[in-house]
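# Notes for the structure review
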Amino acid sequence: MDIKEKVELVIKQFDLQGEIIGKSTLEKGHINDTFCIEYRLDNNIIKRYILQRINTNIFKNVDELMENVFNVTSHLKKKILENSGDVERETLSIIKTRDGKNYYKSDEGDYWRVYNFVEDTITYDLVENVQDFYESAVAFGNFQMLLSDFPANTLYETIPNFHNTVDRLDKLKEAIKNDVVGRVKDVKDEIDFVLDREKDCHIICDLLNKNEIPLRVTHNDTKLNNILIDTKTKKAICVIDLDTVMPGTVLNDFGDSIRFGASTALEDEKDLSKVECSMELFEAYTKGFIEGTKGKLTDKEKEMLPMGSKLMTLECGIRFLTDYLQGDTYFKISREGHNLDRARTQFKLVLDMENKWQQMIDITKKYS
Ligand code: ADP
Ligand code: GN1
Ligand code: MG
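Residues numbered from 1 in each chain as written. Chains lettered and ligands numbered in written order. Predicted model: local features only at pLDDT ≥ 70, side-chain atom pairs only at ≥ 80, totals over all residues. Heavy atoms only, no water.

Glancing now at the pattern of salt bridges. For the structure on display, the rule yields 35 salt bridges. Close ionic contact of lysine 171 with aspartate 167 constitutes a salt bridge, the shortest N to O distance being 2.6 Å. Residue lysine 171 and its partner aspartate 167 are both found in helix α5 (residues 165-178); the two are separated by 4 residues, about one turn of the helix. Its relative accessible area of 37% is what places lysine 171 among the partly exposed residues. With a relative accessible area of 18%, aspartate 167 lands in the buried category. Between aspartate 352 and lysine 356 there is a salt bridge whose closest N-O contact spans 2.7 Å. For the pair aspartate 352 and lysine 356, a shared accessibility class is recorded, and that class is buried. The network of salt bridges with common partners includes Lys6, Asp33, Arg53, Glu108, Asp110 and Lys332. (Salt bridge = Lys/Arg side-chain N within 4 Å of Asp/Glu carboxyl O. Helix = DSSP H or I, 4+ residues; strand = E, 2+ residues; numbered from the N terminus. Buried < 20%, exposed > 50% of the residue type's maximum accessible area, 1.4 Å probe, protein only.)

Okay, structure coming up:
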């Protein structure tokens, strides 16, 4: 059965009304398969939904994952209502199956879920203007605060050691040793780049272990295309992709946004001369994020924001490189060498941040 036929069958399992008039694939994320399904209701109104096939190669326990998403979105809805916000637009809503479940498991063993489609929004892979990036920072900072009283002990760890940079480095070393697809010989420079920074990989893990920074409920995947921006008001209104909401550190959430959004080029740009970490964008995000977190960050957290940026970028590069060495089994690719291109942009960004280090520190101090 091809994917179109699967989609056809699967949507019948969800509690959706009306006549289906359209189906399309959304290509943004690297992990799940995402579709937009369009229905016409009896009164001629058009209603759209997001249908996703969850990547079970990565998310091993969908039941736990969906329990997390349900509990987190329920918590967010309560908070949004308290703040007189719009619950339909400011967070995801799970659409249940006809038998009242948060997801559907097909006979073939695929797991599917449906969310409300948040209309009149856009996601960016590259910042188009500084103000949008600032707005996304306020929203991600605010998201962090909305979850500050979420009971962290009720959350399942959907991907163990997700942002354990030391573990990521160990996995890279293992991939180098095994060299299953014979690519190690082609990436000596990239490997050396990482190994030269081996010590850095320990910094955030050490801070957490020594309780010098707090463990919080964090999003863990705060790239710009995981936030929906209202096309009319230009405000960042809805944080999506909640699969990795888990206990973590705010340094990673901040850093992940910087590595993706403060870059002057796409994550997979082949021409590395185009890839820089823009200090204008770094400043806008720092200002917005610190404002969005409403004074809740500790002095140590603020001090370490530049380090969070560098290490999340390095870690992401390590992950792309590892996947390249393992034969591209984790991140979706659409061309030969795609993961290597991605790894290279991350390393170029790390280098650029190192060159601009004092500037990054000064900017952070200015808003602390
Ligand atoms: P992945 O885990 O593969 O990154 P996402 O959940 O981030 O998947 O979804 C992929 C893309 O689909 C997003 O970047 C966004 O553009 C779009 N999208 C996802 N959920 C919604 C939604 N509820 N409303 C509108 N667009 C959405
Ligand atoms: C993946 O799901 P998506 O595309 O938003 C990945 C992130 C990486 C990112 C790199 C669950 O994010 O950790 O930083 O790609 N998500 C998962 O673009 O591994
Ligand atoms: Mg995503």
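We now examine the site of ligand 2. Close to ligand 2 lie 18 residues, the nearest being His30, Lys223, Glu267, Arg319 and Tyr330. Aspartate 221 is positioned such that a nitrogen or oxygen atom in its side chain is 3.1 Å from an oxygen atom of ligand 2. Taking arginine 259, its side chain carries an N or O atom lying 3.3 Å from an oxygen atom of ligand 2. For ligand 2, the accessible surface in isolation is 440 Å², of which the surrounding protein chains cover 98%. (Near = heavy atom within 4 Å. Polar contact = N/O pair within 3.5 Å; in protein donor to acceptor, adjacent residues only side chain to side chain. Areas by Shrake-Rupley, 256 points an atom, 1.4 Å probe, with all protein chains shown as cover.)

With that settled, consider the site of ligand 1. In the neighbourhood of ligand 1, 19 residues make up the surrounding shell, with Asn32, Gln52, Asn116, Asn225 and Asn226 lying closest. Asparagine 116 places a polar main-chain atom, nitrogen or oxygen, 2.9 Å from a nitrogen atom of ligand 1. The separation between a nitrogen atom of ligand 1 and a polar main-chain atom of valine 118 is 3.0 Å. Taken by itself ligand 1 offers 560 Å² of open surface, and the protein chains cover 95% of this. The class makeup of the residues in the shell around ligand 1 is 8 nonpolar, 9 polar and 2 charged. A domain split of the shell around ligand 1 shows at least three residues from each of domain 1 (3-119) and domain 2 (130-367). (Nonpolar A, V, L, I, M, F, W, Y, C, P; charged D, E, K, R; others polar. Domains from an automatic or database assignment.)

Looking at the protein, the domain boundaries give domain 1 (3-119) and domain 2 (130-367). Centre-to-centre, using C-alpha coordinates, domain 1 lies 26 Å away from domain 2. Buried surface at the junction of domain 1 and domain 2, summed over both partners, amounts to about 2600 Å²; 61% is from carbon and sulfur atoms. By the criterion of area lost to domain 2, the three top residues of domain 1 are His30, Asn68 and Val72, representing 25% of everything that side buries. Summed over the shared surface of domain 1 and domain 2, the result is 4 salt bridges. One salt bridge connects arginine 113 with aspartate 243, and the closest N-O pair in it is separated by 2.9 Å. The tally of links from domain 1 across to domain 2 stands at 12 residue pairs in polar contact (both at pLDDT 80 or more). For the side of domain 1 that touches domain 2, the elements supplying multiple residues, two or more each, are α2 (62-82) and α3 (87-90). Of the residues forming the side of domain 1 that touches domain 2, the biggest block, 11 residues, is contributed by α2. Tallied by class, residues from the side of domain 1 that touches domain 2 come to 9 nonpolar, 11 polar and 8 charged. (Buried area = accessible area lost by both parts, 1.4 Å probe.)

On to the coordination of the magnesium ion (ligand 3). On the protein side, the magnesium ion (ligand 3) has Asn226 (OD1) and Asp241 (OD) as donor atoms, found 2.2 Å from it. Here asparagine 226, found in the loop between β8 (216-218) and β9 (227-230), pairs with aspartate 241, found in the loop between β10 (236-239) and β11 (246-248); they are 15 residues apart in sequence, far enough to count as distant. Residue class for asparagine 226 comes out buried when judged on its relative accessible area of 4%. (Donors = N, O, S within 2.8 Å, 3.2 Å for Na, K, Ca; no water.)

On to α2, then. With 21 residues, α2 ought to run about 30 Å at 1.5 Å a step, and its terminal C-alpha atoms sit 30 Å apart, in line with that. Residues of α2 that are buried: Val62, Leu65, Met66, Asn68, Val69, Val72, Thr73, His75, Leu76, Lys79 and Ile80. Among the structural elements, α3, β4 (94-95), β6 (111-116) and α4 (130-146) are those in contact with the buried residues of α2. Here α2 starts with a cap whose side-chain oxygen sits 3.3 Å from the backbone nitrogen of aspartate 63, and that cap is asparagine 61. After α2 finishes, the residue serine 84 shows a positive phi value of roughly 55°. (Expected span 1.5 Å × (residues − 1). Contact = heavy atoms within 4.5 Å.)

Locating serine 136 in the fold gives a position in helix α4. Taking the C-alpha atoms as reference, serine 136 lies 10.0 Å from asparagine 225; in sequence the two are 89 residues apart. Those residues in contact with serine 136, other than ones at most four positions away along the chain, are Leu224, Ile227, Ala236 and Tyr285. A distance of 2.8 Å separates a polar atom in the side chain of serine 136 from the backbone oxygen of phenylalanine 133.

Note on backbone geometry: most residues besides glycine have negative phi, and most peptide bonds are trans. In this model, aspartate 120 sits at a positive phi of 55°, which is unusual for a non-glycine residue. You can call aspartate 120 partly exposed: its relative accessible area is 41%. Even without a glycine there, the phi angle at asparagine 161 is positive, about 60°. Turning to its location among the elements, asparagine 161 is positioned in the loop between α4 and α5.

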